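# Geometric and topological summary
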Amino acid sequence: EPSATIKTEIVVIGAGQAGLSAAYQLKRRGLAPHRGFVVLDQAPAPGGAWQDRWESLTLSSVNRIHDLPGMRFSEVVDPNIAEVAARVAVPQYFAAYEQRFQLPVYRPVHVAMVCARGERFRIETDRGIWSARGLINATGTWEHPFIPEYPGAERFQGRQLHTRDYQTAEEFIGQHVLVVGGGISAIQLLDEISQVTTTTWVTRRPPEFFTGPFTEERGRAAVAMVEDRVRRGLPPTSVVSVTGLALTPAIEAMQARGVLKRQPMFAEIEADGVRWADGSHQRADVILWCTGFRNALDHLAPLMLREPSGGITMTGRLATQVASNPHVHLVGYGPSASTIGANRAGAAAASELMAALGLP
Ligand code: FAD
């Protein structure tokens, strides 16, 4: 049945680390839940994209999940149980967090489209229409897997899947798996799969490993580079592409096992494998594309935020504000696409957007 438009001041789209951080900050600054702000999340349950990650991604194998503002992870999940799956622990923490701070999260609500309507935004969802004066978009990247195009992909007779679809290595036993990609996920999945079956590893560029810890300086420099890009309107790049990969004990063990022999990208996909420009061929049953994600921003298309270059020019203290529209903030985008970045971005977006709208 047709439902009335629900009015509020600010709509936060997405309830991952970035959306929850923003919601917490809006509430802390005096904005009333429901009347002042709501969070719309398409996931069936709390946890953001973490609820969909593969089983073997545990609290010990993730880089590091930072606490959300105002409540410690250790209050909910015993940090000594490192082998607990992130897809179990993080949703537990997020659920407790939403409860503790009584955050007005509506789910499952899929935002299909956001349009400008005079001084307001019209937010069209599968559960009705919201109207707001400000927008904090926190939809992450998980909904937007990226697979590069190679000729012949449609002729491949085996199975092609993306990081997003990965469940366990066991399903590939007895098959030859071609892993594509040079990021952290590619290497983690290559590690697991190569312990149960044969693999080939393909990357565009030779991977660069660095030794020693991932220092704060290294992290800051990488974030600064991504921030500089989005302030210039360029599409963001992943942090790994600017920092390189830490040479962890797990990676050293892979080198010792001989599974880190990287091949350059092939030129073409054939029915039973791939072929390089020099004519050499590799048979494969599976192509696993660990080729990353793009920001899930399709629902914002009517706002025409993108530059011809494909990027969005960002401004504001932490580059969360869309330069062409001070009432739209993107959190978890570009330099804030990490759990710690998302925390900080939530605070910056909440305070800047409330000020721009004259709230409370
Ligand atoms: P998400 O957690 O993806 O949340 C977005 C939410 O928005 C989801 O609930 C989604 O359902 C919802 N949504 C999307 N589109 C819509 C829509 N149209 N309408 C309504 N709702 C919508 N970062 C770290 O700091 N440390 C790590 O150890 C780490 N490990 C990672 C491991 C993997 C395998 C991957 C892929 C990423 C990892 N990251 C890590 C990056 C990490 O994902 C981010 O730092 C952070 O969790 C992203 O939070 P987010 O809130 O931006 O997005």
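The structure reproduced in this document is the subject of the present report.

Rules used in this analysis
- Residues numbered from 1 in each chain as written.
- Predicted model: local features only at pLDDT ≥ 70, side-chain atom pairs only at ≥ 80, totals over all residues.
- Heavy atoms only, no water.
- Pairing = 2+ DSSP bridges.
- Helix = DSSP H or I, 4+ residues; strand = E, 2+ residues; numbered from the N terminus.
- Core = buried A, V, L, I, M, F, W, Y, C linked by side-chain atoms within 4.5 Å.
- Buried < 20%, exposed > 50% of the residue type's maximum accessible area, 1.4 Å probe, protein only.
- Contact = heavy atoms within 4.5 Å.
- Phe/Tyr/Trp six-rings, centres within 6.5 Å; stacked < 30°, edge-to-face > 60°.
- Lys NZ or Arg CZ within 6 Å of the ring centre and 35° of its normal.

## Observations regarding the sheet that holds strand E1 (residues 6-7)
The mixed open sheet is built from 4 strands, whose spatial order is E1-E7-E6-E5. Single-partner strands in this sheet number two, and they are E1 and strand E5 (111-117). Pairing analysis gives 2 bridges linking E1 to strand E7 (residues 128-132), with the strands arranged parallel. If you follow Ile6 over to E7, its bridge partner there is Trp130.

## Points about the sheet that holds strand E14 (residues 262-263)
If you walk across this open sheet you meet the 5 strands as E9-E18-E10-E11-E14, and the pairing is parallel. Looking at strand neighbours, the two that pair on one side only are strand E9 (159-162) and E14, the edges of this open sheet. As paired elements, strand E10 (residues 177-180) and strand E18 (residues 286-289) share 4 bridges and run parallel to each other. Bridge pairing in E18 links Val177 to Val286.

## So, the nonpolar core
Membership of the largest hydrophobic core comes to 63 residues, with the highest contact counts inside it found for Ile10, Leu26, Ile136 and Leu288. Contacts of Ile10, omitting those with residues within four sequence positions, involve Leu26, Leu31, Gly36, Phe37, Val38, Ala132, Gly134, Ile136, Leu353, Met354, Leu357 and Leu359. Judged by nonpolar contacts, the second largest core, of 24 residues, contains Leu303, Met314, Leu330 and Tyr333.

## What to know about the packing of aromatic side chains
Throughout the structure, instances matching the rule amount to 14 aromatic pairs. Between the aromatic rings of Phe266 and Trp289, the centroid separation amounts to 6.3 Å while the plane-to-plane angle is 70°, which identifies the pairing as edge-to-face. Here the residue Phe266 occupies a position in the loop between E14 and strand E15 (268-270), and Trp289 occupies one in strand E18, the gap between them amounting to 23 residues. Per residue, the accessibility class of Phe266 equals that of Trp289, and both read buried. Directly above the ring of Phe146 sits Arg294, whose terminal nitrogen or CZ lies 3.8 Å from the centroid.

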